[in-house]
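One letter stands for each residue in the lines below.
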Amino acid sequence: MDVRRAVILNLLATVCCTTIRVKQGLLRGEVLEAVTGNCRYHSFKGIPYAIPPVGVLRFKAPEPATPWTGTRDATKHGSVCTQYNFLAIETEGRHIGTEDCLFLNVYSPNMNPKEPLPGVIFIHGGGFSCGSGNIDNYGPDFLVCEQIVLVTINYRVGLLGFLSLDTEDVPGNAGMKDQVEAFKWVQENIGYFGGDPNKVTIMGQSAGGASVGLHLMSPMSRGLYQRAIVMSGVPMCDFGAPYQPRRRAFKLAKKLGFVTTDPRELLSFLQSVPPEQFIDTYAPVIHIEELWKKDIYKVHVSTPVLENVGNNSFLRSTKDLNTYIKAIDTGLVNDADIFIGHTDQESIFLLNEDYLKLYHDNPELFVLKKLFVASKPDTVLDLIEIIQRQYFNGRPINMDVIKEFAAYSSEANFISDIRRFVDKLQNPHNRRRYFYTFSCVSDRNYYTKGVAKYGLHGASHLEDLLYIFDAKKLNMTIDNKSREYELIKKTTNIFGNFIKYGNPTPSPISGLNWPEYNNKDKMYVDINDELKLRQDPGGKGARFWREIYDSVLHI
């Protein structure tokens, strides 16, 4: 009996385990069955792509991973990065992570295909403040069955990822440079997983979408990908707007009990502080930030920046390049096919009576951060009146106008900036552009389960991800005969087509051939049970905000 049991266990190990050699050493992963039952895939988790950014490497650009000896266990995720996870559900902790967190995960449907497979690198969201590439939110089961090699990554977030001293040592953007280092690792190693380094798509949602937008402009990222998917976030979105990062670093030290005017002393002190002290530590530069702290869209202060110093900048500021819009206007856009869009009701998952009361009591919140800091007090007051008149026509801010508030919040915080970004991407260096909206509503829409009682209907921020990834933490069942499964197949097929072919419908789906987006016709497709061709994404809301930006920011 013992011999037979040993033979059976050995056979199971042969089936369930998989070993591969990458440039840094041997990895032992596992072979898993997709939850849909449609395919099996090779899973390798917790692979280091850079050395731990600790000690004197804190806040600095990453250094490539070094080789290891023996066989590394790749059946478990590495640590997530130090963070306050404001998106945690009840069963998760909020204060989590360590500094030794620069890991990625690779999932492949076929390690030895006849032809190398296209790959996609997914960049998680979280307001540049939290998140990871782990299967809690980004299970590979749907995408990998499209015969795609999927890579998900961790990168430094919050102060540890985006603190800037505006010095050559710490210019900022450590988290963005982590992403670039991960891209380089993929270029070196994706072939070992059956992938093609010449067919790599970078894809991100929310802050991850904004990250992809930044990589489209960064010389550091050039040549490391061929296609880009930008979901529900672009660099100009308010959650990614930088403000006085150098002053903020000194304020942070003062809050932690250290006062200096010397950036070298400041760096030495901040590198000595336990990483836990950076979690959920808020160091406002101006008083209005105490109010912004109460609003999820305005609380984020550790963000990417335009770098003013150093020779190896992620995105360098110059006299003629001091905003992301000007970066596009000056032609600083990498060559890539682009698939970009958003959900139809981005902000509804946040809405409740308390949130509307916050705006009722503090109307300054209606003015986006980037507009507030660029305006005189009288202009701020005028903008409040203009915005409230546009959306509420003088009505008080309460639950009676929740639908109007949903339109305001979605258009102001996401849709108008996404539309402005794609409209700017019309230069000779750019290839095809496709635009989508996502409006699927089913039992799979987890984040908006509580808003139907308010009469709100639609797909909010985060909901589209649940039709592309199997979020393991939500324990959602898959019925292959259900409408939800049909929506998963359709959505994954659309995104998979773009990853493979640079076109969401190389062959028409439901009789529809997806048109390229151009600034004259502005045609796009809404993803739902049926694909519907539409025109002018964002409509009058996007045009209203464009007029605001033109008058206040002059861009």
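Cut-offs applied
Residues numbered from 1 in each chain as written. Predicted model: local features only at pLDDT ≥ 70, side-chain atom pairs only at ≥ 80, totals over all residues. Heavy atoms only, no water. Disulfide = S-S within 2.5 Å. Helix = DSSP H or I, 4+ residues; strand = E, 2+ residues; numbered from the N terminus. Buried < 20%, exposed > 50% of the residue type's maximum accessible area, 1.4 Å probe, protein only. Phe/Tyr/Trp six-rings, centres within 6.5 Å; stacked < 30°, edge-to-face > 60°.

Novice: Residues and numbers for the state of the cysteines, please.
Specialist: According to the stated counting rule, one finds 2 disulfides in the structure shown. Sulfur-sulfur distance for the disulfide between Cys-39 and Cys-145 comes to 2.1 Å. Between Cys-39 and Cys-145 the disulfide shows an S-S torsion of about -80°. By sign, it is left-handed. On the criterion of sequence distance, the pair formed by Cys-39 in the loop between β2 (25–33) and β3 (40–48) and Cys-145 in the loop between α3 (141–144) and β9 (149–153) is long-range, its members being 106 residues apart. Across the disulfide from Cys-81 sits Cys-101; the S-S distance is 2.1 Å. Given an S-S torsion of about 90°, the disulfide between Cys-81 and Cys-101 has right-handed geometry. Of this pair, Cys-81 sits in the loop between β4 (71–73) and β5 (83–84) while Cys-101 sits in the loop between β6 (95–96) and β7 (103–108), and the two are 20 residues apart along the sequence. Classification of Cys-101 as buried rests on a relative accessible area of 1%. The disulfide pattern of the protein is 1-4, 2-3 when the bonded cysteines are numbered in sequence order. Looking at Cys-237, it has no disulfide partner, and the nearest cysteine sulfur is the one in Cys-130, 16 Å off.

Novice: I'd love a proper account of the packing of aromatic side chains, names of residues and values included.
Specialist: Under the defined criterion, the tally for this structure stands at 39 aromatic pairs. Ring geometry for Phe-128 and Phe-239: centres 6.4 Å apart, planes at 45°, overall tilted. On the criterion of sequence distance, the pair formed by Phe-128 in the loop between β8 (117–123) and α2 (135–138) and Phe-239 in the loop between β11 (227–231) and α7 (245–255) is long-range, its members being 111 residues apart. The same class applies to Phe-128 as to Phe-239, namely buried. Judged by centre distance (6.3 Å) and plane angle (45°), the ring pair of Phe-239 and Phe-414 falls under tilted. Of this pair, Phe-239 sits in the loop between β11 and α7 while Phe-414 sits in helix α14 (residues 402–424), and the two are 175 residues apart along the sequence.

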